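# Working through the structure, step by step
What follows is each chain in one-letter form.
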Amino acid sequence: MELGLFFQCLVNGVAIGGIYAVVAAGLTLVLGTMKIMNFAQGQFYMLGAFVGYGLCEVLHLPYAVGLIAAFVAMALLGAILQRFVIRYTYEGFFHTVLATIAFATIVGQISVITFGKTDRFMSPVVKGRTVLGGIVMSNDKLLLIVLGVILIAALHYFMKTKIGKAVRAVTENQETAGLQGINSRQIFIITMAVGCGLAGIAGALILPVLGARADMGVSIFIKILLVIIIGGMGSMPGALLAALIIGLIESFGYQFVGGYNELVLTCSLLPLLYFRPGGLLGKPFAIPE
Amino acid sequence: MRKKSLIACALILLVLLPLVVKNPYILHLVIYTCMYSVLGMSFSMMWKNRLITAGTAGFWAVGGYTSALLVTKLAVPFWLAMPAGGVASALFALFIFSIALRGGPLVFFSVSLVSAFIVMEVLGTVSFFGGWEGLLDIPGPRIGPYLFFTKTSFYYMVLAILVLNILAFHALYTSRIGRAWTAIGSSTRLAEVQGVNIYRYRLAASVIGCFWAGVIGSFYAHYQNLLIPTTFSFLCSIYVQMYALIGGLNYFIAGPIVGSFVMVFLPELLRAGQEYQPIFFGALLILIIIFLPGGLLSIGERLPWLGRLGGRIGRRLRLVSTKS
Amino acid sequence: MALLEIRNLSQHFGGVAAVSRLDLDIFDSEILGLIGPNGAGKTTLFNVISGFYTPSTGSVALKGERVSGLRPDEIAKKGIGRTFQQTVLFMRSSVFDNVVTGFHMNYTSGLMNQFLHTRSAKDEENGIKKEAARILEFMGLSALKDELAQNLPHGHQRTLGICVALAANPQLLLLDEPLTGMNPTETLTTLDHIRQLKDRGITIIIVEHNMKAVMSLCERLVVLNHGEKIAEGKCEEIQDNKAVIEAYLGKERR
């Protein structure tokens, strides 16, 4: 293998892994804190991409506006979903999961009807390519990697703030947090908003590279599931690590095995689960009784 | 005894149904109801153990493709191919879930979803399975000299499968195995302390459930005469869950049947456009989850409450004497 | 020889030792009281014995056979039954079905017989139903046998918890605060039942905060504090033990 090709794959892998990491971080945050699997995460990602597309390509606003708008819009939608649907699904884990699935179905179908099943591409944000030691990379891909790292850092910083600490307290033990005067309902809304907002901004991030498509939400959700299984359910470092690993496997795998990429991924998943049932960095996750 | 005679009556009615219903389209819908009931019951069996499978469609597909390939490529007789489809699906489940169950219910859930997705991808990309255009020209079922091709004959076949399935599940649920499943479903801790090997019982439930999904997949293949990978998409597994939930999750046999019946016939009554159906389904599902989490069958349980409410309103309106 | 031998047992969570270097012998047909302030590690010890935790160090052996490290269901099959501190029952099943489910391990007929509901399986089923009725009779819940477990008053739920544990036919029974939420009459009858269980040869370890009940019930007491055994002996000895009084009331300031 040529060295140039190797680095090409490496950069592609890190870029796609970064996107997975941002979406998976949002999902893990929600899963860990609320013990809820948010099935609509992929759809928030898709909607985020379309928000970005609408603002930047149709209305010709700056890319930064598109990014922030995607985050804010999806955070709001996530908060609404939490406040008006999930809160009332008190029967248990499965009902909540099904509610998010239903929500995802509605959103997905509406966007298929509105946007059709075609790719929408955006003109590059930072034109041109960077040539670094014989490797050619589009500037947008580099921008994506940089912004992805910044987002993860921002999430890390958020968890250190007062609200972030409250979120962690609820994650540890809801009752104890309640005794300390933390309103877990508010925290749930905030968590959901941040989690969905991250998916939205990830969608806007990938937009200049891959474009937007009405069914992109489902395919990324499968990947994100793989990420959190491999990383360990509810483990944030695990999710980030696994996202990178999967991004790299995918990018190198595409070079070598082509279409059977996902099969290879899944087959490598089973032995891992055999030896580490809780994923790389997690414990077996118990659904509360 | 009253329950038994009720069931006998229902069975006689179902057997006589094709004599009354001459419209082949309605019969087609009834056949679909039966098919989805079997799938829903397979889901319910796992749900009894508090396992949520999001991959029913994948195992349905494995059964269907196995049976169809056996018949078309190896000329295996249909009545052997059908159980073979079930066994293939069960073996696949055994392989996948024996590993996934070590990680607990949430990993089971995710792995089932992912594996169903992969099954669809593989069926679509590998040309041996017919690719995305699908596997065409699957011969209709033939048992001895008898060739199934009318809707009525297919109806009797799927009815027989459904009844067999119900009998098998009923026998399981009323035995010690079913009791262990119920125990796992209500408290894994207590079940363990009473000596139930949770891993093994959960694995058994998922393998048996997937066996029946495979059997009905084989029926589907030979009924439709073609298999298209996108039929077995993620949405299909979700529909199966919806059917079970809408009927009532705590009714492991009746729930999926009622749910399938309602959800197959309701869109027909509404005549909604095909592409708006998922939106309608989704909205209905959210409403049911919030307002009737026990499903349609739990309305019966809630009747006393409705009666009390009626009484209160009646008293307010002075329709019912307050003194009595 | 002791029925249950606990040797050098420690259980760490993160850096915290919930149980540390515990040695304990439980003898055949005795009622051992396990007491100590909240957070002393009593429930953790039960969870280790019944297999929910694998101990960090040390071992638990039943009749000389090591059980620590086995799964909870394997330990249950060796003959250790237990109840839980929070009421844990099969809430959506009837009282009778709760007890019948408890008999899970006592079935001998094969799975195929079970599935086909053959005569031998039916006979066995009937035998078990009779046994279940006898247990309910003994614990005084016969009249409620068709109620759903979730509809029972709390005291009866505790009693039902013991019934379910008894159904597994244990040699050693771990009772985690069986008297919580019972009124004085119920407490007295339950104490009586526990004594009768002992007379039938079941060894019992009981965790309970009701000291009067514990004193009247147990021959021997073990006091835990911060995961360590601080005292062991007859009731009267424990009552006067300085360390125990300190553990409960805190050190007197001088």
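Structural data are supplied above this passage.
Described below are features of the structure shown in this document. All values derive from a computational prediction rather than experimental measurement. (Residues numbered from 1 in each chain as written. Chains lettered and ligands numbered in written order. Predicted model: local features only at pLDDT ≥ 70, side-chain atom pairs only at ≥ 80, totals over all residues. Heavy atoms only, no water.)

## Topic: the overall build of chain C
The condition that has to hold: Secondary structure elements follow DSSP: runs of H or I of four or more residues count as helices, runs of E of two or more count as strands, with numbering from the N terminus. Radius of gyration: over C-alpha atoms. The globule rule applied is 2.2 Å multiplied by the number of residues raised to the 0.38 power. Between buried and exposed lies partly exposed: a residue is buried under 20% and exposed over 50% of the maximum accessible area for its type, with that area taken using a 1.4 Å probe on protein chains only.
Along its length, chain C carries 10 helices and 10 strands. Since a compact globule built from 254 residues should have a radius of gyration of about 18 Å, the 19 Å found for chain C is in line with a globular shape. Referenced to the eigenvectors of the C-alpha coordinate spread, the extents of chain C come out at roughly 75 × 40 × 35 Å. Out of the 254 residues in chain C, the part that is buried amounts to 52%.

## Some points on the overall build of chain A
Our working definition: By definition in these notes, contact holds between two residues if any of their heavy atoms fall within 4.5 Å. In this description, accessible areas are obtained by the Shrake-Rupley approach with a 1.4 Å probe, and a residue is regarded as covered only by the protein chains that are shown.
Regarding its fold elements, chain A presents 11 helices and 2 strands. The order of α-helices and β-strands along chain A, N terminus first, is α-α-α-α-β-β-α-α-α-α-α-α-α. Taken against the 2.2 N^0.38 rule, which gives 19 Å for 289 residues, the C-alpha radius of gyration of chain A at 19 Å falls within 12% of a compact globule. Each principal axis of the C-alpha distribution contributes one length, and for chain A these read about 60 × 50 × 35 Å. The buried share among the 289 residues of chain A stands at 52%. Considering only contacts in chain A between residues 6 or more positions apart, those separated by 24 or more positions represent 77%. Roughly 12,500 Å² of accessible area belongs to chain A as shown, and the carbon and sulfur atoms make up 68% of that amount.

## Some points on the pattern of salt bridges
Heads up, the rule is: Basic side-chain nitrogens of Lys or Arg form a salt bridge, by our definition, when they fall within 4 Å of a carboxyl oxygen of Asp or Glu.
Taken as a whole and judged by the stated rule, the model has 14 salt bridges over all chains. Glu 125 of chain C is paired through a salt bridge with Arg 179 of chain B; the nearest N and O atoms lie 2.3 Å apart. Here Glu 125 of chain C, found in helix α5 (residues 119-139), pairs with Arg 179 of chain B, found in helix α7 (residues 176-186), and the two come from separate chains. Accessibility classification places Glu 125 of chain C together with Arg 179 of chain B in one group, the buried group. As a salt-bridge pair, Arg 220 of chain C and Glu 30 of chain C come within 2.9 Å of each other at their nearest N and O atoms. One end of the pair, Arg 220 of chain C, is in strand β9 (residues 220-225); the other, Glu 30 of chain C, is in the loop between β2 (16-26) and β3 (31-35), with 190 residues separating them in the sequence. Just as Arg 220 of chain C is buried, Glu 30 of chain C falls in that class too. Within this structure, Glu 30, Arg 220, Lys 229 and Glu 232 of chain C form a network of salt bridges that share partners.

## Details of helix α1 (residues 3-34) of chain A
What counts is decided by this rule: Given the number of residues in a helix, its expected span is that number minus one, multiplied by 1.5 Å.
Given a rise of 1.5 Å per residue, 32 residues ought to cover 46 Å, and the 45 Å separating the end C-alpha atoms of α1 of chain A matches this to within 8%. Where α1 of chain A terminates, the next one or two residues include Lys 35 of chain A, which has phi positive at roughly 55°.

## Describing the sheet that holds strand β10 (residues 228-234) of chain C
Residues and elements named next belong to chain C. To be explicit about the condition: Should DSSP find at least two bridges between two strands, the strands are regarded as paired. Axis lines are fitted through C-alpha atoms, for helices just across the contact stretch, and the angle between N-to-C directions can take any value from 0 to 180 degrees.
Here we have 6 strands laid out as an open sheet, ordered β6-β7-β8-β3-β9-β10, and mixed in their pairing. The sheet is open, and its two edges are formed by β6 (80-82) and β10, each paired on a single side. Between one strand and the next, the sheet's axes are offset by a mean angle of 20°, whatever the strand orientation. Sheet analysis places β6 next to strand β7 (residues 172-176), joined by 3 bridges and oriented parallel.

## Here we look at the interface of chain B and chain C
Worth spelling out the cut-off: When two components associate, each loses some accessible surface as probed by a 1.4 Å sphere; the sum of these losses over both components is called the buried area. Throughout this description, a polar contact denotes any pair of N or O atoms lying within 3.5 Å of each other; where both atoms belong to protein, one of them has to be capable of donating a hydrogen while the other can accept it, and for residues adjacent in sequence the pair is counted only when both atoms sit in side chains. Residue polarity follows a fixed list, in which Ala, Val, Leu, Ile, Met, Phe, Trp, Tyr, Cys and Pro are nonpolar, Asp, Glu, Lys and Arg are charged, and the others, Gly among them, are polar.
Between chain B and chain C, the residue contacts involve 24 residues of the former and 30 residues of the latter. Of the roughly 2,500 Å² buried between chain B and chain C, counting both surfaces, carbon and sulfur atoms make up 60%. If you sort the residues of chain B by the area they bury against chain C, Arg 176, Arg 179 and Gln 194 of chain B come out on top, with a joint share of 30%. Summed over the shared surface of chain B and chain C, the number is 1 salt bridge. Remark: the boundary between chain B and chain C carries 5 residue pairs in polar contact (both at pLDDT 80 or more). For the side of chain B that touches chain C, the elements supplying multiple residues, two or more each, are α6 (151-174), α7 and α8 (188-193) of chain B. Ranked by residue count, the leading element in the side of chain B that touches chain C is α7 of chain B, at 7 residues. Along the lines of polarity and charge, the residues of the side of chain B that touches chain C split into 11 nonpolar, 9 polar and 4 charged.

## So, the interface of chain A and chain B
Facing the 41 residues of chain A at the interface are 43 residues of chain B. Taken over both partners, the interface formed by chain A and chain B buries close to 4,000 Å², and the fraction arising from carbon and sulfur atoms is 82%. Applying the counting criterion to the chain A and chain B interface returns 1 residue pair in polar contact (both at pLDDT 80 or more). Taken together, the elements giving at least two residues each to the side of chain A that touches chain B come down to α4 (93-115), α9 (216-231) and α11 (261-275) of chain A. Among the elements that take part in the side of chain A that touches chain B, α4 of chain A stands out by supplying 14 residues, more than any other.

## Focus: a nonpolar patch on the surface
Residues and elements named next belong to chain B. Condition: Exposure above 30% relative accessible area and the absence of a salt bridge qualify a residue for a patch, where like charges join within 9 Å and nonpolar side chains (Val, Leu, Ile, Met, Phe, Trp, Tyr) within 5 Å.
Taken together, Leu 11, Ile 12, Leu 14, Val 15, Leu 16, Leu 19, Val 20 and Tyr 156 make up a surface patch of nonpolar side chains, about 710 Å² in accessible area. Sorting elements by how many residues they give to the nonpolar patch places helix α1 (residues 2-20) first, with 7 residues. As for its placement among the helices and strands, Leu 11 is situated in helix α1. For Leu 11, a relative accessible area of 37% puts it in the partly exposed group.

## Quick notes on the arrangement of the chains
Where 2 pairs of chains are in contact, the pair with the most contacts is made of chains A and B. Regarding chain A and chain C, which are not in contact, the minimum distance between any of their C-alpha atoms is 11 Å.

## Concerning the pairing of β9 of chain C
All names here are of chain C. Burial analysis of β9 places 6 of its 6 residues in the buried class, which makes it a mostly covered element. Burial along β9 is two-sided: the face carrying Arg 220, Val 222 and Leu 224 and the face carrying Leu 221, Val 223 and Asn 225 are both buried. Of the strand pairs in this sheet, β3 and β9 are connected by 4 bridges, and their pairing is parallel. Bridging from a neighbouring strand, Gly 33 pairs with Leu 221 of β9. As judged from the 6 bridges shared by β9 and β10, these two strands associate in the antiparallel manner. Bridge pairing links Asn 225 to Glu 228 in β10. Once β9 ends, the chain turns through 2 residues before running back antiparallel as β10, passing His 226 with a positive phi of about 50°.

## Section: unusual backbone geometry
Phi at Arg 50 of chain B takes a positive value of approximately 60°, unusual for a residue other than glycine. In this structure, Arg 50 of chain B sits in the loop between α2 (24-48) and α3 (56-74). The exposure class assigned to Arg 50 of chain B is partly exposed, which follows from its relative accessible area of 28%. A positive phi is found at Ser 29 of chain C, a non-glycine position, where the angle reads about 55°. Along the chain, Ser 29 of chain C falls in the loop between β2 and β3.

## Section: the sheet that holds strand β1 (residues 4-13) of chain C
Residues and elements named next belong to chain C. Taken together, the 4 strands give an open sheet; going across it, the order is β2-β1-β4-β5, and neighbouring strands pair in antiparallel fashion. Whereas interior strands pair on both sides, the edge strands pair on one side only; in this sheet they are β2 and β5 (65-66). Each of β1, β2 and β4 (57-62) touches helix α1 (residues 42-49); the most contacted strand, β1, lies at about 115° to it.

## Some details on the packing of α1 of chain A against α9 of chain A
Residues and elements named next belong to chain A. The line we're drawing: Oblique is the label for any angle not covered by the other classes, which are roughly parallel (under 35 degrees), roughly antiparallel (over 145) and roughly perpendicular (65 to 115). Here a crossing is taken to be left-handed if its near helix is turned anticlockwise relative to the far helix by less than a right angle, and right-handed if that turn runs clockwise.
In the contact formed by α1 and α9, the axes pass within 10 Å of each other and the chain directions differ by 70°. The angle between α1 and α9 falls in the class roughly perpendicular. Classified by chirality, the crossing of α9 by α1 is right-handed. On α9, the residues touching Ile 19, Tyr 20, Val 23, Ala 24, Leu 27, Thr 28 and Leu 31 of α1 are Ile 220, Phe 221, Lys 223, Ile 224, Val 227 and Ile 228.

Just distances and angles here, no functional claims.
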